[in-house]
Amino acid sequence: MSDDQAAGAPLGTVGPDAGRSALNGQFLPGNTAAMVVGDRSAQFWRAQDATRREIVGAVIADSGHTPDDAPRALQIAAEGIAQAALVRDAAFDRMVESGGPLTSKDRGRRSLTVWLAASDRLLRHLQVVGLRRVPRSARGIVDAITQEAPHV
């Protein structure tokens, strides 16, 4: 890997010393101007393990267990939550990088489809471990007036 590529540049140096043919200017095998594809993806997969374990631990702790005493079903659901959250976040980042959820022709980007599917899966896994909407009890009009009225 060239110094430019190591510094995060997607392209190496372009010119006669970049591995081009002197005859026709075409790139030769092993040139240093090759575009590095998948570099961010590799960084994502290296970093995901620690983040995934952190999410799994938090889900299990929120359920009132430790990793050692958590039921196997909870461990599986927590893994699913972590995986879906990571995929959802990666799809969102890709959507932001590419300029938003829609193309210039007002079509949904593939990253939007991935984000929607991962968000749906995340919600389903969260419901398995107990995420649910708990409505607040509505105060009666008498309670509201008596609590808001100044005491004289």
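Here we take up the overall build of the protein chain. Broken down by element type, the protein chain carries five helices and zero strands. For the protein chain, restricting intrachain contacts to residue pairs at least 6 apart in sequence, the fraction spanning at least 24 positions comes to 41%. Counting only carbon and sulfur atoms, one obtains 57% of the accessible surface of the protein chain, whose full area is about 11500 Å².

Okay, a nonpolar patch on the surface next. Residues Ile141, Val142 and Ile145 make up a contiguous nonpolar surface patch of roughly 330 Å² in combined accessible area. Here Ile141 shows up in helix H5 (residues 141–148).

Attention now moves to the pattern of salt bridges. This structure, assessed with the given rule, holds six salt bridges. A salt bridge links Asp49 to Arg52; the nearest nitrogen and oxygen atoms lie 2.5 Å apart. Of this pair, Asp49 and Arg52 both sit in helix H2 (residues 39–62), separated by three residues, roughly a single helical turn. Accessibility expressed as a relative area gives 27% for Asp49, which makes it partly exposed. When the shortest N-O distance is used, the salt bridge between Glu79 and Arg52 registers 3.1 Å. In this pair, Glu79 sits in helix H3 (residues 72–97) while Arg52 sits in helix H2, placing the two residues 27 residues apart along the sequence. Under the relative-accessibility criterion, Glu79 is labelled partly exposed at 26%.

What follows covers the environment of Ala78. Tracing the sequence through the fold places Ala78 in helix H3. A C-alpha to C-alpha distance of 8.7 Å links Ala78 and Ala58, two positions 20 residues apart in sequence.

Within the protein chain, residue pLDDT values average 79, and 74% of them lie at 70 or more. Segment residues 1–12: pLDDT under 50, and 19 contacts once partners within four positions in sequence are set aside and those in other chains are kept.

What follows concerns helix H4 (residues 110–129). The end-to-end C-alpha separation of H4 is 29 Å, in line with the 28 Å expected for 20 residues at 1.5 Å each. Looking at H4, one finds that the buried residues are Ser111, Ala118 and Leu122. With its buried residues spanning 45 degrees around the axis, H4 presents them on a single face. Exposed side of H4, more than 90 degrees from the buried face: Thr113 and Val128 are the residues found there.

Let's shift gears to H3. Its 26 residues place the ends of H3 38 Å apart at the C-alpha level, agreeing with the 38 Å of an ideal helix rising 1.5 Å per residue. Here H3 has its buried residues at Leu74, Ala77, Ala78, Gly80, Ile81, Ala82, Ala84, Ala85, Leu86, Ala91 and Met95. Gly99 sits one or two residues past H3 and shows a positive phi near 100 degrees.

Let us now look at the nonpolar core. Of all hydrophobic cores here, the largest spans 11 residues; its members are Val56, Val59, Ile60, Ala70, Leu74, Ala78, Ile81, Ala82, Ala84, Ala85 and Leu122. Counting residues per element, the ones that place at least two in this core are H2 and H3. Ignoring any residue separated from it by four or fewer positions in sequence, one finds Leu122 in contact with Ile81, Ala84, Ala85 and Arg88.

Next up on the list: the side chain of Arg52. Since its relative accessible area comes to 16%, Arg52 is described here as buried. Non-local contacts of Arg52, meaning those with residues more than four positions away in its chain, are made with Glu79, Ala82, Gln83 and Leu86.

For the rest of this paragraph, the subject is the packing of H3 against H4. Two elements in contact, H3 and H4, have axes whose closest approach is 8 Å; the angle formed by their N-to-C orientations is 155 degrees. Here H4 runs roughly antiparallel to H3, going by the angle between their axes. Every pair of crossing elements has a handedness; the one defined by H3 and H4 is left-handed. Touching Leu74, Ala77, Gly80, Ile81, Ala84, Ala85, Val87, Arg88, Ala91, Phe92, Arg94 and Met95 of H3 are Ser111, Leu112, Val114, Trp115, Ala118, Ser119, Arg121, Leu122, His125, Leu126, Val128 and Val129, all from H4.

About the criteria used
Residues numbered from 1 in each chain as written. Predicted model: local features only at pLDDT ≥ 70, side-chain atom pairs only at ≥ 80, totals over all residues. Heavy atoms only, no water. Helix = DSSP H or I, 4+ residues; strand = E, 2+ residues; numbered from the N terminus. Contact = heavy atoms within 4.5 Å. Areas by Shrake-Rupley, 256 points an atom, 1.4 Å probe, with all protein chains shown as cover. Patch = residues over 30% accessible without salt bridge, like charges linked within 9 Å, V, L, I, M, F, W, Y side chains within 5 Å. Salt bridge = Lys/Arg side-chain N within 4 Å of Asp/Glu carboxyl O. Buried < 20%, exposed > 50% of the residue type's maximum accessible area, 1.4 Å probe, protein only. pLDDT = per-residue confidence, 0-100. Expected span 1.5 Å × (residues − 1). Arc of directions from axis to C-beta. Core = buried A, V, L, I, M, F, W, Y, C linked by side-chain atoms within 4.5 Å. Axes fitted to C-alpha atoms, helices over the stretch in contact; angles between N-to-C directions. Parallel < 35°, antiparallel > 145°, perpendicular 65-115°, else oblique. Left-handed = near helix turned anticlockwise from the far one by under 90°.

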